[in-house]
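So the chains spell out like this:
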2 protein chains.
Amino acid sequence: MKQLELRPAAQCCVPIADEDLSEAELATSATLFKALADPARVRIVNRLANSPDPVCVCDFTALLGLSQPTVSFHLKKLLAAGLIDREQRGAWAFYSLNRVAAARLKEVFSF
Amino acid sequence: MKQLELRPAAQCCVPIADEDLSEAELATSATLFKALADPARVRIVNRLANSPDPVCVCDFTALLGLSQPTVSFHLKKLLAAGLIDREQRGAWAFYSLNRVAAARLKEVFSF
DNA sequence: GTGGGACATTGACAGATATCGATATCTCTG
DNA sequence: CAGAGATATCGATATCTGTCAATGTCCCAC
C-alpha cells in the first residue's frame, strides 16, 4: 500500500465503480478527494482551469483573501495530490493545472 | 449562499472549470468532495456502485470493520451530500447510490 | 555581498472530524 | 404491550485541518 503513496494520488486513481478496490486504492481515492475538499483549493483549481498560462502565487493571495503561508499550504496539498504542477521562474513560483490528472479524475466517476 | 445548502450538494454542483464560481458554488463543490474524502465512504460508494439492489446497514458494518454508530455516521454524511438514498424496510435501513448525483459528479470534471 | 522581495516552512492554536460506548428510537414478533 | 433486534443520536475524546505570525530560504538587483 505504501508503494502507491510514492506517486501522487492523481496518477494512481482508479474508477470508483471498479470491483474489489484494495485498501490502497480506497486511500488513494480519499486522498484525491481530500485535496479538493476545501473551498480555497477548489477556487485554485477553478482559476487554473480557466488560465492557459501558469499562475503566480501572488495572484492567489489576492484571489483567495488568505495569508501567503496559507496559500502555500493549499498549493502544497494540491501539488502533493498531483493535481497541479509547479514551475520556478526566478524568484517567483508559477502553478498550472495538471490536465492529465484532471482527465483521470473524470474517469474516476465512470459509473 | 445559504439557499444552496438547503438542497444536497450533489444537486447543486457545477463544473469546476466554469468561470467565476460564486462562494456558494465553491463551498458546494468542497462539501461534495469532503463527503468522499474518507476511505470508508469511498468504500461505501464503491459497494453501492456495484450493487443493483439497495444495501443494508448491517452489511456495511461487516464490510468496513467499523462500529455500527460509525457506519451510521458515514452514511449520514453521504446522504446529506445527496450521493446516496435511504429506504426504510421494516426495522432495516437500505441504502443505494443516487445515480443521478453520480452522473452530475462526473460532469464536475468536464475540463 | 548586501538588501529586498517572493515563496516555503515552522510553531501555535482553534475548530472540525472520526471513532466508540452508551443510550434512545423505531419496528416487528409473540 | 413487552421484548428483541436494527439503526440513529449523543457524549467524550484523540487526531487532523486550516489559519496566521514569525522565521528561513532562495533569487535578483544594486
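Above this note sits the structure.
The model shown is predicted, which means the values in this text are computed figures rather than measured ones.

Colleague: Help me get a handle on helix α6 (residues 68-81) of chain A, residues and values and all.
Modeller: Residues and elements named next belong to chain A. If you check α6, its first and last C-alpha atoms are 20 Å apart, about what 14 residues at 1.5 Å a residue would give, namely 20 Å. Every buried residue of α6 is accounted for by Val71, Lys77, Leu78 and Ala81. For α6, the buried positions fall inside an angular range of 120 degrees around the axis, keeping them on one side. Seen from the open side of α6, the exposed residues pointing more than 90 degrees away from its buried face are Gln68, Pro69 and Lys76.

Colleague: How would you summarise the relation of the copies chain B and chain A if you had to cite specific residues and measurements?
Modeller: Overlaying chain B on chain A yields an RMSD of 0.0 Å, the required transformation being a rotation through 180 degrees with an accompanying axial translation of 0.0 Å. Those values place the two copies in the arrangement expected of a two-fold rotation axis. Of every C-alpha in chain B, the one belonging to Phe33(B) sits nearest the axis of rotation, 2.6 Å from it. The share of interface residues of chain B whose copies in chain A are also at the interface is 100%, consistent with both copies meeting through the same surface.

Cut-offs applied
- Residues numbered from 1 in each chain as written.
- Chains lettered and ligands numbered in written order.
- Predicted model: local features only at pLDDT ≥ 70, side-chain atom pairs only at ≥ 80, totals over all residues.
- Helix = DSSP H or I, 4+ residues; strand = E, 2+ residues; numbered from the N terminus.
- Expected span 1.5 Å × (residues − 1).
- Buried ≥ 20, exposed ≤ 12 C-beta atoms within 10 Å, placed from the backbone.
- Arc of directions from axis to C-beta.
- Least-squares fit on C-alpha atoms with pLDDT ≥ 70 in both.
- Contact = placed C-beta atoms within 7 Å.

All quantities given are derived from atomic positions and should not be read as evidence of function.
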